[in-house]
Amino acid sequence: MLLSTHSQTVDDNYVLVASLDNVRNLSNILKAITFKDHAIFNATPNGLKVTVEDSKCLQANAFIQAEIFQEFTIKEDSVGFQINLTVLLDCLTIFGGSTVAGVTTALRMCYNGYGYPLTLFLEEGGVVTVCKINTQEPEEPIDFEFCSTNVTNKVILQSESLKEAFSELDMTSEVLQITMSPSQPYFRLSTFGNSGNAHYDYPKDSDMMELFQCSKTQTNRMSLLKPSTKALALSCKVSVRTDSRGFLSLQYLVRNDDGQICFVEYYCCPDEEAEEEY
Amino acid sequence: MDCVVTGGNVKVLAKAIHSLSRIGDELYLEPEDDGLALRSVNSSRSAYACFLFSPLFFSRYVVCIPLVSCVLTPVLLQCVQAVFRSLSSLDKTVEKCHIELVGEKSRLTFTLHCKHGLMKTHNLSFQDSESLQAVFDKDSCSNVLRAQPRLLVDTVLHFPPALEEVSLSVSGERVLFRNYVEEEPERAKAMLTELSLSSDEFEHFAVGAESSITFCLKELRGLLVFAESTGLPVSVHFDLPGSPVVLSVTDSVLEVNFVLATLSDDLNLPRSPPPADDFLNDDIDSYLIAMDTSELPGPSNAPAQRSNHRLEAQSPVANHRLESEEAEEEETGDTERPPNKKFRSLFFGSVCPTDSQLTNQTATSQEVLASDSEDDAQAASP
């Protein structure tokens, strides 16, 4: 096959080689975090982590474990670079988005190391496309310092019901307020728009609620979290956690085309004026 | 007011709101003793719709005195529509809907109790308003038709979505639906569609005298969307052209009335087959010129030029026609002329000013109901 003969000759120079029989297992996940043009790639023997940040208050991470790839070879402990995510996605989907049964696009992703472009070999039905995308110096992603010991409230919800709520959110509202409490209303999403306010309440005993652990009433106000709706759309479960500082962590469990599990995570810091209760 | 709608009625309420939003961009929510009325009127006051839900429609209906009437402005109406979005899934997801109107606080609250325990609450601030009432008496209409909505839906299906007005004519045992095309040049080029229905297709057919009315199709479609979903028959009450037509849908818990203005001086009566040779209308010379110019390269040029020539030639003729009351066409075989449009305002009984612009109209301007700017332009030119 075309791809493998090519790799035999130039494999030695690459610090990272990753192959997928179905490129959608990577492109779909990346679409869930594409709200900014640039992404920081970090590969370790465990797999690939892609980070996108916005104004230091919102961060999205996509994790694709090494096991998802048909081939994942890394020669260093950590390989990192920054790349234009929009361009990367355009290349990964270069054969179009059709989902004809049995036809998949294969990917071989190769990186030579610092200063080299990321090389993509994409093949579908015998046609091969080679893309080389320039890489940049990777910035250090912000560490939101969200650790499980500081978590005050945690719920795990099935995504289906949250999808409905997010699709109906009043866009004229500047903020989305998330209230989590051991007592009524338990878990509430609120918006404050031009004509009034809206509340979506999920009781703790709802069959959509897989886990409900709230120790104290907390209200967090954030910007509408619009970017996270893509991740929500792909996911089957969401875990919502807040910590003592009012930081929010959203973790989405995504099943790819082959039924394997990947994670997408959003961290959000609270709105500064957000102290009043509504 | 405090009321609760359960089960399938939530979807009926949602459809009513959507139907009303096709009439006007404001919705009047008026709780009354005999039920909850949702009303709307369009900006030109030529279409009015009212959905009256009797207390039996609700699983709970409480009205507080004094009665408060609220108007939902376009922004609010959009909000309310958003509450009842995704009509198809409403009956599967919403178990009950609680509507509360608190006059003193000017607050309107919709609470939807959905599947899986999810509760959606929307708090809106509304404006007080006067009640919106139309004066009409459908029982005094001399012509009444009643049909299953399917029949009317299938009928209007044949008209293009962009068609503005439709004419309904009754005579003897037949009902005719035709698209309404008003301007002479347009008539010659337009596709005229005519549907004939026999009186047997109607559940009720009571016709006083031969009559023909023309009204807005968009509003009829708005009612039909609602009627079809409920499967209830639609009644059409009308009189002479100029008097409003009342379309209604009724059952034990709900009464819907759409009152639409009709064109007065409707000369759109069924006529003999159109003249075979439309070119009798044309000035022969301009036609010949147009034929020559059609040889020029660029197909887009030829038709435009041709039509301009035709219009210019006709203009003095057209003006002459409009000024005289019952001018018969001498040069042409066509007995039709575009009627002046006079929509009566339903509520104030005034007659909209005749479009005297028509007599000043230049050939290239196609708008019969030219806006005031047309007049200004005319007045401004020395």
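Rules behind the numbers
Residues numbered from 1 in each chain as written. Chains lettered and ligands numbered in written order. Predicted model: local features only at pLDDT ≥ 70, side-chain atom pairs only at ≥ 80, totals over all residues. Heavy atoms only, no water. Helix = DSSP H or I, 4+ residues; strand = E, 2+ residues; numbered from the N terminus. Buried < 20%, exposed > 50% of the residue type's maximum accessible area, 1.4 Å probe, protein only. Contact = heavy atoms within 4.5 Å. Areas by Shrake-Rupley, 256 points an atom, 1.4 Å probe, with all protein chains shown as cover. Pairing = 2+ DSSP bridges. Axes fitted to C-alpha atoms, helices over the stretch in contact; angles between N-to-C directions. Parallel < 35°, antiparallel > 145°, perpendicular 65-115°, else oblique. Nonpolar A, V, L, I, M, F, W, Y, C, P; charged D, E, K, R; others polar. Expected span 1.5 Å × (residues − 1). Core = buried A, V, L, I, M, F, W, Y, C linked by side-chain atoms within 4.5 Å. Salt bridge = Lys/Arg side-chain N within 4 Å of Asp/Glu carboxyl O. Polar contact = N/O pair within 3.5 Å; in protein donor to acceptor, adjacent residues only side chain to side chain. Buried area = accessible area lost by both parts, 1.4 Å probe. Phe/Tyr/Trp six-rings, centres within 6.5 Å; stacked < 30°, edge-to-face > 60°. Lys NZ or Arg CZ within 6 Å of the ring centre and 35° of its normal.

Asker: Hey, could you run me through the overall build of chain B in this one?
Answerer: The secondary structure content of chain B amounts to ten helices and 19 strands. Counting across all 382 residues of chain B, residues that qualify as buried make up 49%. Relative to all contacts within chain B whose residues are 6 or more apart in sequence, the contacts with residues 24 or more apart total 65%. Counting every atom, chain B has about 18,400 Å² of accessible surface; 53% of that belongs to carbon and sulfur.

Asker: What should I look at first to understand the overall build of chain A in this one?
Answerer: Across its full length, chain A holds five helices and 18 strands. The burial tally for chain A puts 53% of its 278 residues in the buried class. Relative to all contacts within chain A whose residues are 6 or more apart in sequence, the contacts with residues 24 or more apart total 66%. As displayed, chain A has an accessible area near 12,800 Å², and 48% of this comes from carbon and sulfur atoms.

Asker: Which parts of the structure should I look at to understand the pairing of strand β13 (residues 196–202) of chain A?
Answerer: One face of the sheet, then the other: side chains in a regular strand alternate in exactly this way. With five of its seven residues buried, β13(A) lies for the most part within the structure. Two elements, strand β12 (residues 187–192) of chain A and β13(A), share six bridges in a ladder whose sense is antiparallel. Bridging from a neighbouring strand, L189(A) pairs with Y200(A) of β13(A). What sits between the antiparallel neighbours β12(A) and β13(A) is a turn of three residues. In the sheet, β13(A) pairs with strand β9 (residues 119–125) of chain B via six bridges, with the strands oriented antiparallel. The residue bridging A198(A) from the neighbouring strand is H122(B), located in β9(B).

Asker: I tried to follow the packing of helix α1 (residues 8–21) of chain B against helix α6 (residues 217–230) of chain B on my own but got confused; where do I start?
Answerer: The packing of two helices is summarised by the inter-axis angle and the distance between the axes. Residue and element names in this part refer to chain B. Packing of α1 against α6 leaves a shortest axis separation of 9 Å and a crossing angle of 170°. Taken as axis vectors, α1 and α6 run roughly antiparallel relative to one another. Judged by residue contacts, V12, K15, A16 and S19 of α1 engage G222, L223, F226 and S229 from α6. Class assignment of the residues belonging to the contact of α1 with α6 gives a composition of four nonpolar, three polar and one charged.

Asker: It is not clear to me how α6(B) should be interpreted in this structure. Could you clarify?
Answerer: An α-helical turn contains 3.6 residues, so any two residues separated by three or four positions project in the same direction. Residue and element names in this part refer to chain B. The end-to-end C-alpha separation of α6 is 20 Å, in line with the 20 Å expected for 14 residues at 1.5 Å each. Inspection of α6 places L217, E219, L220, R221, G222, L223, L224, F226 and A227 among the buried residues, and these make up the whole buried set. One or two residues past the end of α6 sits G231, with phi positive at roughly 70°.

Asker: Would you mind going over the nonpolar core with me for this structure?
Answerer: One broad rule of soluble globular proteins: the nonpolar side chains tend to lie buried together. Ranked by internal contacts, the top residues of the largest apolar core, which has 151 residues, are L120(A), F187(A) and F84(B). Sort the elements by how many residues they give to this core and α1(B) lands first, with seven residues.

Asker: I tried to follow the sheet that holds strand β15 (residues 218–223) of chain A on my own but got confused; where do I start?
Answerer: Hydrogen bonds between backbone groups are what pair the strands of a sheet, and the pairing can be parallel or antiparallel. Here we have nine strands laid out as an open sheet, ordered β15(A)-β11(A)-β12(A)-β13(A)-β9(B)-β8(B)-β7(B)-β1(B)-β5(B), and antiparallel in their pairing. Each edge of the sheet is formed by a strand with only one pairing partner; in this case those strands are β15 of chain A together with β5 (60–62) of chain B. Taking the axes of each pair of neighbouring strands and ignoring which way they run, one obtains an average angle of 15° across the sheet. Sheet strands touched by α1(B): β1 (2–6) and β7 (94–102) of chain B. Its angle to β1(B), the strand with the most contacts, is close to 110°.

Asker: Sorry, what's going on with the environment of E164(A) here?
Answerer: With respect to the secondary-structure elements, E164(A) resides in helix α4 (residues 159–168). Remark: the alpha-carbon pair of E164(A) and A233(A), spanning 69 residues in sequence, is separated by 9.8 Å. Other than its neighbours up to four places away in sequence, E164(A) contacts T93(B), L118(B) and K120(B).

Asker: Which parts of the structure should I look at to understand the pattern of salt bridges?
Answerer: Between side chains of opposite charge, pairing is possible as soon as their charged atoms come close. All names here are of chain B. Under the defined criterion, the tally for this structure stands at 16 salt bridges over all chains. One salt bridge in this structure joins R60 and D2, with 3.4 Å as the shortest N-O distance. Separated by 58 residues along the polypeptide, R60 in strand β5 and D2 in strand β1 bring together distant segments of the chain. What makes D2 buried here is its relative accessible area of 16%. Where R150 meets D154, a salt bridge forms, and the shortest distance between an N and an O atom there is 2.9 Å. Here R150 and its partner D154 are both found in helix α4 (residues 149–156), four residues apart, which amounts to about one turn of the helix. Look at R150 and you get partly exposed, because its relative accessible area is 43%.

Asker: Help me understand the environment of S19(A) in this model?
Answerer: All names here are of chain A. Secondary-structure assignment places S19 in strand β1 (residues 16–20). Here the alpha-carbon distance between S19 and L120, two residues 101 residues apart in the chain, equals 9.7 Å. With near-sequence residues (within four places) excluded, S19 lies in contact with F69, Q70, E71, L107 and R108. Of the polar contacts made by the side chain of S19, one reaches the side chain of R108; its length is 3.3 Å.

Asker: Please clarify how helix α2 (residues 74–83) of chain B should be interpreted in this entry.
Answerer: Looking only at α2(B), the buried set comprises L76(B), L77(B), C79(B), V80(B), Q81(B) and V83(B). For α2(B), the elements touching its buried residues are α1, β2 (27–32), β6 (70–72), β8 (107–114) and β9 of chain B.

Asker: Looking at this model, I keep getting lost on the sheet that holds strand β18 (residues 261–268) of chain A. Mind explaining?
Answerer: All names here are of chain A. The nine strands lie next to each other as β6-β2-β3-β4-β18-β17-β16-β10-β14, forming an open sheet whose pairing is antiparallel. Bordering the open sheet on either side are β6 (79–84) and β14 (209–214), each of which pairs with just one other strand. Between one strand and the next, the sheet's axes are offset by a mean angle of 15°, whatever the strand orientation. Those strands touched by helix α2 (residues 24–31) are β3 (47–54), β4 (58–65), β17 (248–255) and β18, and its axis lies near 165° from that of β4.

Asker: I keep staring at the interface of chain A and chain B and nothing clicks. Help me out?
Answerer: Where the parts come together, the accessible area they lose is often given as the size of the interface. In this complex, chain A contributes 15 residues to the contact, which on the side of chain B involves 15 residues. Between chain A and chain B, a total of about 1,400 Å² is buried, with carbon and sulfur atoms accounting for 46% of that surface. The largest contributions to the chain A side of the interface with chain B come from E168(A), S195(A) and D201(A), which together make up 35% of the buried area. Counting every contact that joins chain A to chain B gives two salt bridges. Where chain A packs against chain B, one counts seven residue pairs in polar contact (both at pLDDT 80 or more). Of all the elements in the fold, those that place two or more residues in the side of chain A that touches chain B are α4 and β13 of chain A. Grouping the amino acids of the side of chain A that touches chain B by side-chain chemistry returns five nonpolar, six polar and four charged.

Asker: Please explain the packing of aromatic side chains as it appears in this structure.
Answerer: For any pair of aromatic rings, the description consists of the separation of the ring centres together with the inter-plane angle of the planes. All chains considered together, the criterion is met by 20 aromatic pairs over all chains. Summarising the aromatic geometry, the rings of F51(B) and F53(B) are spaced 6.5 Å apart at their centres and angled 20° between planes, so their arrangement reads as stacked. For the pair F51(B) and F53(B), one class covers both residues: buried. Residues F53(B) and F57(B) carry aromatic rings whose centres are separated by 4.5 Å and whose planes lie at 45° to one another, so their mutual orientation is tilted. A relative accessible area of 0% means that F53(B) is categorised as buried. Here the guanidinium or amino end of R245(A) rests over the ring plane of F247(A), the centre of that ring lying 3.9 Å away.

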